[in-house]
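# Close look at the chain arrangement
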Amino acid sequence: MNAHVSAPQAPALVLRVEGLSKQFEMHHLKRTLFAFENIGFDLGEGEFILLKGENGAGKSTLLRTLYRSYLPRAGHAYYHTKEGVIDLASAADVDIAVLRRREIGFVTQFLNARPRVAAEEIVAEPLRLAGMPHGQALAEARRWLAAFGVKPQLWPAYPSTFSGGEQQKVNLARALILPQRLLLLDEPTASLDRSARRALVERLAELKASGVAMIGVFHHPEDVAGLIDREIQLETIRIADEPDDVAE
Ligand SMILES: Nc1ncnc2c1ncn2[C@@H]1O[C@H](COP(=O)(O)OP(=O)(O)OP(=O)(O)O)[C@@H](O)[C@H]1O
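Just so it is clear, the model here is predicted, and its values are computed rather than measured.

Before going further, it helps to spend a moment on the packing of helix 3 (residues 119–129) against helix 5 (residues 164–176). Running from amino to carboxyl end, helix 3 crosses helix 5 at an angle of 20°, the nearest separation of the two axes being 7 Å. Regarding the angle of helix 3 to helix 5, the classification is roughly parallel. Helix 5 is crossed by helix 3, and the crossing has right-handed handedness. Residues A119, I122, V123, E125 and P126 of helix 3 lie in contact with helix 5, whose contacting residues are V170, A173 and R174. Of the residues assigned to the contact of helix 3 with helix 5, the class counts are 6 nonpolar, no polar and 2 charged.

Structure representation (structure tokens):
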């Protein structure tokens, strides 16, 4: 009898990064600052990559470049959609805007609080934009605000008056309420209390199990130890940028 053993199938590719580099021109100092150089990796559905490196190694800049807040100097970031492949490094802004609305989420510790919009409306908005009726979206938003430990009396209030931790919880609830295909996580647990951290990790585990791909920087990586598939270490690039700096 011929036993046929098939190799485990690799998860469907979500992102292939090749030779990605980013530098900042410090015009006033007439210097170039190299944030990261020649980064490459693959990320599949349901995979979680932890970004590591010392302060200033370029972790946040890499996440922002993948979200296209920054344009890279060189390289590619091929994002695989159901319709085809799009290079995040060179796609038109209008295509990036569509991806940000539907597929790629960016989660930070900072809330971009809008004046005179209630916390529960801010959290419900992604569901409403996706077509959910208002009442249902609000109910779901309240469920998530409760899960992250935001007190019910704050739900109809404006987050601009909230504490830093409360604002962060609103931000996380909004960012994670609608499953996306790719989540970029920039220290989302910073300044969260323990129960909110637990709620966040539970939600990330749920999203991972449903196939969401994630790349994240975590101040306390032990929080997400059970989710990590691979780690990428970014090295701080030291360049002697003036002839005088070169050791004799
Ligand atoms: N907009 C910018 N203009 C100029 N330089 C920048 C800019 N953003 C980041 N940098 C520089 O790029 C380098 C990488 O910064 P980045 O914030 O990505 O590091 P990090 O690894 O996330 O650091 P940390 O662990 O401290 O958060 C740093 O030297 C920083 O000063």
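There is more to say after this.
Now for the pattern of salt bridges. Counted under the stated rule, the structure contains 15 salt bridges. The partner of E37 in a salt bridge is R73, with the nearest N and O atoms 2.5 Å apart. Of the two residues, E37 sits in strand 2 (residues 31–44) while R73 sits in the loop between helix 1 (59–66) and strand 4 (74–80), which places them 36 residues apart along the sequence. Note that E47 and R230 form a salt bridge whose closest N and O atoms lie 3.5 Å from each other. Remark: R230 occurs in strand 9 (residues 230–233) and E47 occurs in the loop between strand 2 and strand 3 (48–52); sequence separation between them is 183 residues.

Turning next to the site of the ligand. Close to the ligand lie F24, M26, L33, E54, N55, G56, A57, G58, K59, S60, T61 and Y70, which account for all nearby residues. A distance of 2.8 Å is found between an oxygen atom of the ligand and a backbone nitrogen or oxygen belonging to G56. Placement of the ligand is best described as lying within the second largest pocket. Contributions of two or more residues to the shell around the ligand are made by strand 1 (13–26) and helix 1. Residue composition of the shell around the ligand, grouped by class: 5 nonpolar, 5 polar and 2 charged.

Attention now moves to the layout of surface pockets. Put simply, the largest pocket is a space of about 780 Å³. In terms of lining, the largest pocket is formed by 24 residues, of which the most central are Y67, F106, N171, R174 and A175. At the level of elements, helix 2 (93–102), strand 6 (104–107), helix 3 and helix 5 are the ones that each hand at least two residues to the lining of the largest pocket. When the residues that make up the lining of the largest pocket are grouped by side-chain class, the tally is 14 nonpolar, 5 polar and 5 charged.

About the thresholds
- Residues numbered from 1 in each chain as written.
- Predicted model: local features only at pLDDT ≥ 70, side-chain atom pairs only at ≥ 80, totals over all residues.
- Heavy atoms only, no water.
- Axes fitted to C-alpha atoms, helices over the stretch in contact; angles between N-to-C directions.
- Helix = DSSP H or I, 4+ residues; strand = E, 2+ residues; numbered from the N terminus.
- Parallel < 35°, antiparallel > 145°, perpendicular 65-115°, else oblique.
- Left-handed = near helix turned anticlockwise from the far one by under 90°.
- Contact = heavy atoms within 4.5 Å.
- Nonpolar A, V, L, I, M, F, W, Y, C, P; charged D, E, K, R; others polar.
- Salt bridge = Lys/Arg side-chain N within 4 Å of Asp/Glu carboxyl O.
- Near = heavy atom within 4 Å.
- Polar contact = N/O pair within 3.5 Å; in protein donor to acceptor, adjacent residues only side chain to side chain.
- 1 Å grid on protein atoms, 1.4 Å probe; cavity = no way out; pocket = protein on both sides within 12 Å on 5 of 7 lines; lining within 4 Å.
- Sits in = over half its atoms within 2 Å of the grid points.
- Points joined across faces, edges and corners; volume = space filled by probe spheres on them.

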